[in-house]
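One-letter residues, chain by chain:
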Amino acid sequence: MEKTDPRYRHYVQILREELVPAMGCTEPIAIAYGAAKAREILGVLPERVLVEASGNIIKNVKSVVVPNTGGLKGIEAAAAAGVVAGQAGRILEVIAQVSDGQKEEIRAYLDRGVIRVAPAEGDVVFDIILTLTAGEDSVRLRIADYHTNIVLIEKNGEVLLRSGTVTASGSSEGLTDRSCLSVEGIVDFVNTMDVDDVREMVERQINYNYAIAQDGITNDWGANIGKVLLEHYGNDIKIRARAMAAAGSDARMSGCEKPVIIVSGSGNQGITASVPVIEYAKELKADHDTMVRAVTLSDLLTIHMKTGIGRLSAYCGAVSAGCGAGAAISWLQGGGFREVAHTLVNALATISGMICDGAKPSCAAKIAAAVDAGILGYNMFRSSQQFRGGEGIVAKGVEETIANIGRLGRLGMRETDREIIRIMTGQPPKA
């Protein structure tokens, strides 16, 4: 792909938009970011805080530890952390620097019971509305569609900012159009790109995400899925790739205070897209620039597969990232477009439909399964085996299969998503 090709510029910009640092699970961090920004505008510590959140936000915040809070979980903890100690200018690293004294203040503020949580009205998949009140003053702030997208700020009823159009499906309005992405185009870009155009972004991803994976495999985090894999399945590269990715997720879900570089709005996807590829590159003794290219390939494939599904849904995002990692592993071993495409189709046919029931330690096990499916997809190709168009949701051609997966995740699993949220929030089944 020539640099003069408009897609080249778009691919670099998409990576720039996607590969951003975050500390902690991105949904609670988005709440903390919004709370910190609203408190900044209010100017004082609020006496009351109302957090209205869509079902998918509630689902993804309910069971995950908010970092730098001393082990607190949930929406109230995320809002309290943002209000008391958040630095809004750091965006998704909003609570990366919290002192021990501030941790005590967060807990004390939470214990005052001034934070109330309510379901957001309407059908917007990604919706966070914060209302902070102190005396006669109030600030209302809304984040919608994706984690940093502030679409409304009001103070005492006066609109200070109104931006973009909120969509029910969770679009990426305001971001570079992802329709330019294709598997063939991505492989061409990675083969021909000037590595320096992505080096800083991707090297930071490699360093951050591998560091949290090492922390997860060394220390006691969550369900320790990585350690379980190594203990019971051995130390083969296929196991290590799964174990390291799972370990990074276990650490992140359980409050590890190391940042990660996210992909498609998710730290777990950022870890899954990168860590198995890094592990294989090390095993194969690939040079550093080849590793950077391979991780870039996995990132862009993950973004491409996730675009049709949306930021949040009942479809586990680790599937896209695990399949992307498997395809990048095939490329590391000399594969081209044909190998990458067959790996993706085989892997998607194997594991698509794994549900997302929120952020929590079991994400690590799902990541391990997704990476395994990605590796299996490539090994099937090596053995001249494949799933064919017309078998289930598999279509003839990788782009057609990806489109079917997008339809499944965005439309087909919509009621599944609602039922998962009803189960998680203790509601009775729909009549």
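Quantities reported herein were computed from a predicted structural model and do not represent experimental measurements.

Engineer: Just give me the short version of the overall build of the protein, but keep the residues and values in it.
Structural biologist: Of regular secondary structure, the protein possesses 16 helices and 8 strands. Compactness check: the protein gives a C-alpha radius of gyration of 21 Å against a globular reference of 22 Å for 431 residues, within 12% of the reference. Counting only C-alpha atoms, the protein reaches 70 × 50 × 40 Å along its principal axes. For the protein, the proportion of its 431 residues judged to be buried stands at 58%. Restricting to contacts in the protein with at least 6 residues of sequence separation, those with at least 24 account for 76%. When the accessible area of the protein is evaluated, it comes to approximately 16,800 Å², of which 48% is carbon and sulfur surface. Here the protein carries 45 positive and 51 negative side-chain charges, and the mean point of each set is 3 Å from the other.

Engineer: Could you give me a rundown of the side chain of His147, with the residues and numbers involved?
Structural biologist: Note on placement: His147 falls in the loop between strand 5 (137–144) and strand 6 (150–155). Given the relative accessible area of 4%, His147 is considered buried. Of note is the side chain of His147, whose polar atom sits 3.2 Å from the side chain of Thr26. A distance of 3.3 Å separates a polar atom in the side chain of His147 from the backbone oxygen of Gly265.

Engineer: Describe the pattern of salt bridges, naming the residues involved and giving the relevant values.
Structural biologist: Applying the stated criterion across every chain yields a total of 24 salt bridges. Note that Arg178 and Glu17 form a salt bridge whose closest N and O atoms lie 2.7 Å from each other. Taken together, the positions of Arg178 in the loop between strand 7 (158–162) and helix 6 (183–192) and Glu17 in helix 1 (residues 6–18) put the pair 161 residues apart, joining distant regions of the chain. On the accessibility criterion, Glu17 (22% relative accessible area) is partly exposed. Ionic pairing is found between Arg422 and Glu419, a salt bridge with its closest N-O pair at 2.6 Å. Taken together, the residues Arg422 and Glu419, both in helix 16 (residues 414–424) and 3 residues apart, mark about one turn of the helix.

Engineer: Report on the side chain of Thr69, specifying residues and quantitative values.
Structural biologist: Checked against the element boundaries, Thr69 lands in the loop between helix 3 (55–61) and helix 4 (75–85). Within polar-contact distance, the side chain of Thr69 engages the backbone oxygen of Val66 at 2.6 Å. If sequence neighbours within four positions are ignored, Thr69 has contacts with Ala81 and Arg107.

Engineer: Account for the packing of helix 11 (residues 288–307) against helix 13 (residues 337–351), with residues named and values stated.
Structural biologist: It is at 13 Å that the axes of helix 11 and helix 13 come closest, and there the two elements cross at 50 degrees. Judged by the angle between their axes, helix 11 and helix 13 are oblique. Note on packing geometry: the crossing formed by helix 11 with helix 13 is right-handed. Along the contact surface, helix 11 presents Leu297, Leu301 and Met305, while helix 13 presents Val340, Leu344 and Leu348. Here the residues of the contact of helix 11 with helix 13 are counted per class, giving 6 nonpolar, no polar and no charged.

About the cut-offs
- Residues numbered from 1 in each chain as written.
- Predicted model: local features only at pLDDT ≥ 70, side-chain atom pairs only at ≥ 80, totals over all residues.
- Heavy atoms only, no water.
- Helix = DSSP H or I, 4+ residues; strand = E, 2+ residues; numbered from the N terminus.
- Rg over C-alpha atoms; globule rule 2.2 N^0.38 Å.
- Buried < 20%, exposed > 50% of the residue type's maximum accessible area, 1.4 Å probe, protein only.
- Contact = heavy atoms within 4.5 Å.
- Areas by Shrake-Rupley, 256 points an atom, 1.4 Å probe, with all protein chains shown as cover.
- Lys, Arg positive; Asp, Glu negative; His and termini not counted.
- Charge placed at Lys NZ, Arg CZ, Asp CG, Glu CD.
- Polar contact = N/O pair within 3.5 Å; in protein donor to acceptor, adjacent residues only side chain to side chain.
- Salt bridge = Lys/Arg side-chain N within 4 Å of Asp/Glu carboxyl O.
- Axes fitted to C-alpha atoms, helices over the stretch in contact; angles between N-to-C directions.
- Parallel < 35°, antiparallel > 145°, perpendicular 65-115°, else oblique.
- Left-handed = near helix turned anticlockwise from the far one by under 90°.
- Nonpolar A, V, L, I, M, F, W, Y, C, P; charged D, E, K, R; others polar.

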